[in-house]
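Each chain, written out:
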Amino acid sequence: MTASSGDRTSEREAFYDRISTKNLTPLWLSLAELVTPEPRSQCRPASWQFADIRAAMMEAGGLITAKEAERRVLVLENPGLRGQSKITTDLYAGVQLVLPGEVAPAHRHTQTALRFVLEGSGAYTAVDGERTIMHEGDFIITPPMTWHDHGNESDAPIFWLDGLDIPVVQFLDASFAEHMGEDMQPITKPLGDSDFRYGANLLPIDQARGSGTSPVFNYPYARTREALERMRRAEAWDPCHGLKMRFSNPVSGGHAMATMGTFIQLLPKDFSTSAYRSTDATIFAPIEGRGRTFIGDDFVVDWQKRDVFVVPSWKKVRHEAAEDSVLFSFSDRPIQEALNLFREDRGNA
Ligand code: 1HN
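Residues numbered from 1 in each chain as written. Predicted model: local features only at pLDDT ≥ 70, side-chain atom pairs only at ≥ 80, totals over all residues. Heavy atoms only, no water.

**A few points about helix 7 (residues 221-232)**
Look at helix 7: 16 Å from first C-alpha to last across 12 residues, which is about the 16 Å you get at 1.5 Å a residue. The elements touched by buried residues of helix 7 are strand 12 (218-219), strand 13 (243-246), strand 14 (261-267), strand 16 (282-288) and strand 21 (325-331). (Helix = DSSP H or I, 4+ residues; strand = E, 2+ residues; numbered from the N terminus. Expected span 1.5 Å × (residues − 1). Contact = heavy atoms within 4.5 Å.)

What follows is the structure, encoded as structure tokens:
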């Protein structure tokens, strides 16, 4: 064999050691790992059953209050990324529980958050002076640096999936956070204000193009579900996605948030999708139905409503719906699109 860049002669080793003291290191030892022909991720396919999460959360509910914890959340850690509070290489996910009568006090931070309500109805979240009531399947956003607090005035526990761009902000060293010092922020707007102002295909006449974050902050499931139901009648099925829509910012037409793309997908009973892969590792949370998803060559998830599973970058994914199913999902797609890095492979579909 001819000498490769990685062959370690004693002369080379001595050189590497010497330059190391000057904080220098040879690229030729790491180039192949840095610039790979295809994504090579530590992120692994993984899944969580809601029954397990729920049981652990109820136990957590007996150990610490939402207020003491600030946010009573169990982090969904990717098995390939343990100890890093990541569900994918650049996204965070957790499940939050607010028990009846509890509050999660007001704070704000540069990280963007999304909520997807898994179980329960009637709790509120407040974002910059406006409350919204949370229902199962609602998708709610908390834009960067907006004050937010949650409370549950209903008589049942509420559970939701939190998705945040924490690892992105960490990578950029751009984390800022503040406590308001109050359980509840002052409410200055009526319920539904941002929805009727921005969510009715109308915009204020002098509305600027905006900041990349939607002024609508609750995308209620009732309306989303109705839209999917109307579209299914047209039978406009995509072989890779069934019927998949993205949540949009009505001001820009872009994604609802700058860093995380969010999607809702209807798969009718007995629909099987064609193999698909894309560079945006994606977190899925079914909210209706039951089915099976094949990820890569050897990972199979049997999922039902409220479970969570993750598809790493560039792993082939195929869904089979055993019943009419609706899947919420999110990924870093807006970042990849903005940087011209997003790629997908639809097979021949
Ligand atoms: C956060 O602010 C919330 O507001 C949930 O509900 C999870 C995880 C890390 C940092 C901030 C929330 C969070 C979080």
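**A word on the environment of cysteine 43**
As for its position among the elements, cysteine 43 is in the loop between helix 2 (31-34) and strand 1 (46-48). Between the alpha carbons of cysteine 43 and valine 310 there is a distance of 9.0 Å; along the sequence they are 267 residues apart. When neighbours within four sequence positions are excluded, cysteine 43 is seen to be in contact with Asn78, Leu81, Ile87, Thr88, Thr89, Val310 and Pro312.

**A closer look at the packing of aromatic side chains**
Following the criterion strictly, the structure yields 13 aromatic pairs and no others. Centre to centre, the rings of tryptophan 303 and phenylalanine 309 are 6.4 Å apart; their planes meet at 20 degrees, and the pair counts as stacked. Among the residues examined, tryptophan 303 registers a relative accessible area of 2% and is labelled buried. A relative accessible area of 0% places phenylalanine 309 in the buried class. Taking 6.3 Å as the distance between ring centres and 40 degrees as the angle between the ring planes, the aromatic pair formed by phenylalanine 328 and phenylalanine 330 counts as tilted. Considered together, phenylalanine 328 and phenylalanine 330 belong to a single accessibility category, that of buried residues. An aromatic cluster of three or more residues is present, and its members are Phe116, Phe139, Tyr219, Phe247, Phe328 and Phe330. Positioned above the aromatic ring of tyrosine 124 is the side chain of arginine 131, whose terminal nitrogen or guanidinium carbon lies 3.6 Å from the ring centre. Over the ring of phenylalanine 294 we find arginine 318; its NZ or CZ atom is 4.5 Å from the centre of that ring. (Phe/Tyr/Trp six-rings, centres within 6.5 Å; stacked < 30°, edge-to-face > 60°. Buried < 20%, exposed > 50% of the residue type's maximum accessible area, 1.4 Å probe, protein only. Lys NZ or Arg CZ within 6 Å of the ring centre and 35° of its normal.)

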